[in-house]
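Chain residues, written in single-letter form:
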Amino acid sequence: MRIPETPPPGPFRPGFWRSPLRGPWLASFLGVLLLPLLTVVALTGWISHNAYRPDLGHNLPYASGGDFLPLVHLPEGSPSWIYALTQGLHVNVGLVAIPLVLAKLWSVIPRLFTWPPARSTVTAAERLSSLLLVGSILFELATGVLNIEVYYAWHFNFVRAHYYGAWVFVASLAVHVAIKLSTVRSAFRTRGALRPLRDGLADTEPEPYEDGGLVSPRPAEPTMSRRALVAAAAGGSLALLLVNVGESVGGPLRRFALLAPRGRVYGTGPNAFPINRTAEASGVSVLAADPGWRLQVTGARTVIVSRGGLLEMAQHTESLPIACVEGWSTTQSWTGVRLADLARLCGVNGPATLTVSSFQVHGPFRQATFGADQVADPRSLLALRVGGVDISLDHGYPARVVVPGAPGVHCTKWVGTMIFTELA
Amino acid sequence: MSHSSVGSPRRLSRTRGRPSWQLAAHVASFALAIYAFSRIFAGGHVENYLAWFVGAALLHDLVLLPVYSALDRAFGSSLARAGSRQRFVNHVRVPALISGLLMLVYFPLILGLSSRTYTNATGHHPSDYLRNWLLITAAVFMLSGGIWVLRRIRGR
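Throughout, residues of each chain are indexed from 1 in the direction in which the sequence is written. Starting at A for chains and at 1 for ligands, labels are handed out in the order in which the entities are written. Given that the model is predicted, a residue must reach a pLDDT of at least 70 before its local features are reported, and side-chain atom pairs must reach 80 or more before they are shown or counted; all residues, however, enter totals for whole chains, interfaces and linings. Excluded from the side-chain calculation are hydrogens and water; included are all heavy atoms of the structure.

Draft legend 1. Up close: the overall build of chain B. Per the convention used, a helix needs a DSSP run of H or I reaching at least four residues, while a strand needs a run of E reaching at least two, with both numbered from the N terminus. Scanning chain B from N- to C-terminus turns up six helices and zero strands. Reading the secondary structure of chain B in the N-to-C direction produces α-α-α-α-α-α. Only protein chains enter the area calculation, which uses a 1.4 Å probe; residues under 20% of their type maximum are buried, those over 50% are exposed, and those in between are partly exposed. Within chain B, the proportion of its 156 residues that are buried is 33%. Whether two residues touch is decided by their heavy atoms; if any such pair falls within 4.5 Å, the residues are in contact. Nonlocal contacts in chain B, meaning residues at least 24 apart in sequence, comprise 33% of its contacts between residues at least 6 apart. Each accessible area value is a Shrake-Rupley result obtained with a 1.4 Å probe; residue values ignore everything except the protein chains displayed when judging cover. Per element, the accessible surface of chain B, about 9,300 Å² overall, is 68% carbon and sulfur.

Draft legend 2. Summary view of the packing of aromatic side chains. In this analysis, rings of Phe, Tyr and Trp, with Trp reduced to its six-membered ring, are considered paired at centre separations within 6.5 Å, and the interplanar angle assigns stacked below 30 degrees, edge-to-face beyond 60, and tilted for intermediate values. All told, the structure shown has 30 aromatic pairs over all chains when counted by the stated rule. Relative to A:Trp167, the ring of A:Trp46 lies with its centre 6.4 Å away and its plane at 35°, an arrangement referred to as tilted. Of the two residues, A:Trp46 is situated in helix H1 (residues 24-51) and A:Trp167 in helix H4 (residues 158-191); the sequence distance between them amounts to 121 residues. Judged by its relative accessible area of 13%, A:Trp46 is buried. An aromatic cluster is defined as three or more aromatic residues linked by ring pairs; in this entry it consists of A:Phe139, A:Tyr152, A:Trp154, A:Phe156, A:Phe158, B:Phe37, B:Phe41, B:Tyr49, B:Trp52 and B:Phe53. One cation-aromatic arrangement involves A:Arg22 over A:Trp106; the distance from NZ or CZ to the ring centre is 4.1 Å. Charge over a ring is defined by NZ of Lys or CZ of Arg lying within 6 Å of the ring centre and within 35 degrees of the ring normal.

Draft legend 3. Here's a closer look at the domain arrangement of chain B. Residues and elements named next belong to chain B. What fixes the domain bounds is an automatic or database domain assignment. Structurally, chain B comprises domain 1 (1-44) and domain 2 (46-155). Counting from both sides, the interface comprises four residues of domain 1 and, opposite them, four residues of domain 2. Carbon and sulfur atoms supply 84% of the area that domain 1 and domain 2 bury against each other, a total of about 390 Å² over both sides. Considering only the surface of domain 1 that becomes buried against domain 2, Phe-37, Ile-40 and Phe-41 emerge as the three largest contributors, covering 83% of it. Here, a salt bridge means any side-chain nitrogen of Lys or Arg that lies within 4 Å of a carboxyl oxygen of Asp or Glu. For the pair domain 1 and domain 2, the number of links is zero salt bridges. Pairs of N or O atoms within 3.5 Å make up the polar contacts considered here, provided that, within protein, one atom can donate a hydrogen while the other can accept it, and that residues adjacent in sequence are counted only when both atoms are side-chain atoms. Where domain 1 packs against domain 2, one counts one residue pair in polar contact (both at pLDDT 80 or more). Along the lines of polarity and charge, the residues of the side of domain 1 that touches domain 2 split into three nonpolar, one polar and no charged. Note on definitions: buried area is the accessible-area loss of two parts on being combined, 1.4 Å probe, summed for both. Charged means Asp, Glu, Lys or Arg here, nonpolar means Ala, Val, Leu, Ile, Met, Phe, Trp, Tyr, Cys or Pro, and polar covers whatever is left, Gly included.

Draft legend 4. The pairing of strand S10 (residues 415-422) of chain A, seen in detail. Strand pairing follows a simple DSSP-based rule, namely that at least 2 bridges must link the two strands. Sheet topology note: the strand S1 (residues 294-298) of chain A/S10(A) ladder contains three bridges and is parallel. Paired with A:Gln296 across the two strands is A:Thr417, which belongs to S10(A).

Draft legend 5. The confidence of the model for chain B, seen in detail. Residue and element names in this part refer to chain B. Every residue is assigned a pLDDT by the predictor, reflecting its confidence on a scale from 0 to 100. In this model, chain B carries a mean pLDDT of 86, and residues with pLDDT of at least 70 account for 84%. No element of chain B has a lower mean pLDDT than helix H1 (residues 9-15), at 43, and none a higher one than helix H4 (residues 88-110), at 95. In the model, residues 1-16 has pLDDT below 50 throughout and makes 12 contacts with residues more than four positions away in sequence or in other chains. Here the predicted complex carries an ipTM of 0.94, next to a pTM of 0.94.

Draft legend 6. Representation of the interface of chain A and chain B. Tallying the contact residues gives 73 residues for chain A and 64 residues for chain B. When the buried area of chain A at its contact with chain B is split by residue, A:Glu149, A:Leu259 and A:Tyr266 rank highest and sum to 11% of it. Linking A:Arg264 and B:Asp128 is a salt bridge whose minimum nitrogen-to-oxygen distance equals 3.0 Å. Contributions of two or more residues to the side of chain A that touches chain B are made by helix H2 (82-108), helix H3 (121-148), H4 and helix H5 (226-244) of chain A. Per element, the largest residue contribution to the side of chain A that touches chain B is 16 residues, and it comes from H3(A). Split by residue class, the side of chain A that touches chain B holds 48 nonpolar, 17 polar and eight charged.

Draft legend 7. Up close: the state of the cysteines. Two cysteine sulfur atoms form a disulfide, by the criterion used here, when they sit within 2.5 Å. Taken as a whole and judged by the stated rule, the model has zero disulfides over all chains. Free cysteine A:Cys411: the closest other cysteine sulfur is in A:Cys324, separated by 10 Å.

Draft legend 8. Quick look at the packing of H1(A) against H2(A). Residues and elements named next belong to chain A. Interaxial angle, 0 to 180 degrees, is taken between N-to-C directions of lines fitted to C-alpha atoms, where a helix line uses only the stretch in contact. One way to put it is that H1 packs onto H2 with a least axis distance of 8 Å and a crossing angle of 150°. Considered as vectors, H1 and H2 are oriented roughly antiparallel to each other. You can see that H1 and H2 cross each other, and the crossing is left-handed. Should an angle fall under 35 degrees it is taken as roughly parallel, and over 145 as roughly antiparallel, whereas 65 to 115 is taken as roughly perpendicular and any remaining angle as oblique. When the near helix sits turned anticlockwise from the far one by under a right angle, the crossing is termed left-handed; a clockwise turn instead gives a right-handed crossing.

Draft legend 9. Region of interest: a nonpolar patch on the surface. Each patch groups residues whose relative accessible area exceeds 30% and which form no salt bridge, using 9 Å between like charges and 5 Å between nonpolar side chains of Val, Leu, Ile, Met, Phe, Trp and Tyr. On the surface, A:Leu112, B:Val54, B:Leu58, B:Leu59, B:Leu62, B:Val63, B:Val67, B:Leu71 and B:Phe75 cluster together into a nonpolar patch covering about 800 Å² of accessible area. Within the secondary structure layout, B:Val67 lies in helix H3 (residues 46-81). Residue class for B:Val67 comes out partly exposed when judged on its relative accessible area of 45%.

Draft legend 10. Inspection of the environment of A:Gly251 at higher detail. Residue and element names in this part refer to chain A. Along the chain, Gly-251 falls in the loop between helix H6 (246-249) and helix H7 (279-282). Assessed through its relative accessible area of 54%, Gly-251 is described here as exposed. Distance in space between the C-alpha atoms of Gly-251 and Ser-329 is 9.8 Å, their sequence separation being 78 residues.

Draft legend 11. Spotlight on the sheet that holds strand S5 (residues 352-358) of chain A. All names here are of chain A. Taken together, the five strands give an open sheet; going across it, the order is S2-S1-S10-S5-S6, and neighbouring strands pair in mixed fashion. Looking at strand neighbours, the two that pair on one side only are strand S2 (302-306) and strand S6 (367-370), the edges of this open sheet. Sheet twist, expressed as the average angle between the axes of neighbouring strands with direction ignored, equals 15°.

Draft legend 12. Region of the structure containing the environment of A:Thr298. Residues and elements named next belong to chain A. As for its position among the elements, Thr-298 is in strand S1. Along the sequence, Thr-298 and Gly-347 sit 49 residues apart, while their C-alpha atoms lie 8.8 Å from each other. Once you skip the residues sitting within four places of it in the chain, Thr-298 turns out to touch Cys-346, Met-418, Ile-419 and Phe-420.

Draft legend 13. Highlighting the environment of A:Leu173. Residues and elements named next belong to chain A. Along the chain, the position of Leu-173 falls in helix H4. It is 31 Å that separates the C-alpha atoms of Leu-173 and Pro-222, two residues lying 49 residues apart in sequence. When neighbours within four sequence positions are excluded, Leu-173 is seen to be in contact with Leu-35 and Leu-133.

Right, here's the structure in full:
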């Protein structure tokens, strides 16, 4: 069957699209705004993936095929707030990108209805590439946003799909940028990179019409300038940042994060900071409150320690963040025993990895494995107290791990066993 | 295709067809995408994943964009008919956009769709998101209206 040359009525006809603002300059300008933002989101996403140390134990909630790219990772001995920063950037810059992505898609929507759909193999490949680009950015933004709001409306594994979804996005974006570079260059050369932003409504005119291009063949009267359109999108970005960023910065800013999932502080006292999964929801309320709790530490030998025994060991206080992959973080003053001291307690003196297990029965993150550098880091603690008082049940009583630069879910709560494995 | 920009042969191949490296670049990116998809599919729930991937694009392109465009046209033209100044439209448009955007991003919390997992995670019921969204919506409309009034006063 031959595809007719004349497009069917409706959006496939160029005259359907009437906005006088659409054109190569606007699409280029929005693309240039987005590129650095999306680069930050991709890089921090990669950093986060590697901060989970997918090469160790069962640190990812799915079988990692050994294909992680260790290209972008946090150097050993980074400041303790580094993951709070990178993941705060990942989530907040991702949110900031949303209005610009929507504006960008609006600016190129006539392309979706190109007629005929494909003229050649190359144009067919281009259409497919666009589907991958648009599908993957929308998928990444949608699943990322819903995940930070703990709204799991899907059946697939989020970590797996969001991570490999990013591969699809980065691959299709790289090709898109390479191909469109000349379009951007020529749009900026002929119209100026910023000059169209100077025009008010009265001076706003359509870009020169080109057959098969983005400019409408019968543009309507403008009702807003390009400057106003860009400002409106940027205003949306600013609004999203303002209602969310407080949960990442923490402190007094947290309560100004009016729509942030973790923009709330409940209760008072040193334990009044955000938690992730309550003791009740994790089914550990009874065991955690049991005075008969003992920690099992295994290395060259196995040692059983009570909470009182741990408190008799050398206590160290460190200011460390709990930094969640969902982008929120909270920095607290933790007191407890150094992981390195616990290694020595069970006869491990050389470099060793550590697998910490919670006595929580269910949950994908009831266990975490740390690298030898993290175990040896003097800031890494098995925390017993926070802000000068015992940590609460919800924060992991009787004991929880706090490791600088590790994702929050790896700072295992309600610790039951610790196994040190000396490196060969 | 433009017929006015026919120049050097190189120019011609750029406008009429596509440089040949582009097809190679597409193929390379498809290969990487296929690998990534295979890693996702290895986790099962293939239909569910595809529904989300394709659904996100369809929902945006064929529902969200047409709906907000139609709303914009409907309200924009009725405001214009009401004889208000052209610029006033944008003083409704921008706050409506911000309010809509916040709803689009935070609807699970605002509408309480993730109440159970939220309560499990935080220990508290997500109760004040709807109120906050309404307050922000009121604030941005008032701010925008205030700016419009100021502009009119200064314009006279």
